[in-house]
Amino acid sequence: MTEKNGFEKLEGSGIDEKFASIGISPGEQIDILEIQRLSRRYGFRAVVYFEEEMARAGDLAADEKEYANVPETERPFVSVDDFLKFAREYDPYSFDIRLKELPIMIEVVGVGETAGTPYMTGLMPFLDELDTFEEPEVMG
């Protein structure tokens, strides 16, 4: 599904410019499903943080090293793919319905490259910002 070398073919001379060419720049708000689609298409890693201070510190490699022995479900950050996988397993019926009604908008906080792989980091909205994320009404 990932286009081989898709990221390298993007317009721009550096990581920042290549991400910007597909609408991913720090400060932008992007639907989590769009981030997943773009990461699969262009072959970059997408990680979301749950803690603002940690997200803004912007050191993914150091964070991954620090939390290497912590199960991914207990880390203050997770890949977009794994977050969506966990959420769908937890709520297989209504999670996708909710995402259509109320997309989860991720704030892009950084872009970079580690071990030759481009990545973007984002901040998950706080739970109080998702207060309308309730059970959808199901017609019976």
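The paragraphs below set out a description of the structure included in this document. Everything numeric in this text was worked out from a predicted model, so none of it was measured. Starting afresh in each chain, residues are numbered from 1 along the sequence in its written order. Reporting of local features is limited, given that this is a predicted model, to residues whose pLDDT is at least 70; pairs of side-chain atoms are given and counted only at 80 or more, and all residues count toward the totals for whole chains, interfaces and linings. The basis for the side-chain values is all heavy atoms of the structure; hydrogens and waters are excluded.

**A few points about the side chain of Ser39**
Along the chain, the position of Ser39 falls in helix H2 (residues 32-42). For the purposes of these results, a polar contact is taken to be a pair of N or O atoms within 3.5 Å, where, inside protein, one atom must be able to donate a hydrogen and its partner to accept one; residues adjacent in sequence count only when each atom of the pair is a side-chain atom. Only 3.0 Å separates the side chain of Ser39 from the backbone oxygen of Gln36, close enough to count as a polar contact. A contact between two residues is defined here by any heavy atoms of the two lying within 4.5 Å. For Ser39, the residues in contact, after removing those within four places along its chain, are Phe44 and Ala46. A run of H or I in DSSP becomes a helix once it reaches four residues, and a run of E becomes a strand once it reaches two; helices and strands are each numbered from the N terminus.

**Describing the sheet that holds strand E5 (residues 117-123)**
Here, a strand pair is defined by DSSP locating no fewer than two bridges between the strands. Spatially, 5 strands are ordered E1-E4-E5-E2-E3 in an open sheet, and the strand pairing comes out mixed. At either end of the open sheet lies a strand with only one pairing partner, and these are strand E1 (29-31) and strand E3 (77-79). With strand direction ignored, the average angle separating the axes of adjacent strands in the sheet is 40°. Here E1 runs beside strand E4 (residues 105-114); their pairing, made up of 3 bridges, is antiparallel. Its bridge partner lying in E4, Asp31 is registered against Met105. Helix-sheet contacts for H2 involve E1, strand E2 (45-49), E4 and E5, and the interaxial angle to E1 is about 80°. Orientation is described by lines fitted to C-alpha atoms, with helices fitted over the stretch in contact, and by angles between N-to-C directions that extend from 0 to 180 degrees. In the packing of helix H5 (residues 80-90) onto the sheet, the strands contacted are E2 and E3, and the crossing angle to E3 comes to about 90°.

**Considering the environment of Glu8**
Relative to the helices and strands, Glu8 is located in the segment before helix H1 (15-20). For the exposure calls, accessible area comes from a 1.4 Å probe over protein chains only, and a residue counts as buried if that area is under 20% of its type's maximum, exposed if over 50%, partly exposed in between. You can call Glu8 partly exposed: its relative accessible area is 46%. The spatial distance from the C-alpha of Glu8 to the C-alpha of Lys18 is 7.9 Å, given a sequence separation of 10 residues.

**Some remarks on the packing of aromatic side chains**
Each Phe, Tyr or Trp ring (for Trp, its six-membered ring) is paired with any other whose centre lies within 6.5 Å, and the angle between the two planes then decides the class: stacked below 30 degrees, edge-to-face above 60, tilted in between. Counting across every chain of the model gives 6 aromatic pairs. Pairwise contacts between aromatic rings join Phe7, Phe19 and Phe44 into one cluster.

**Focus on H2**
Among the residues of H2, those classed as buried are Ile32, Ile35, Gln36, Leu38, Ser39 and Tyr42. On the buried face of H2, the contacting elements are E1, E2, H5, helix H6 (95-101), E4 and E5. Backbone nitrogen of Leu33 and a side-chain oxygen of the N-cap are separated by 2.8 Å at the start of H2; the cap is Asp31. Among the residues trailing H2, Gly43 stands out with phi positive, at a value near 75°.

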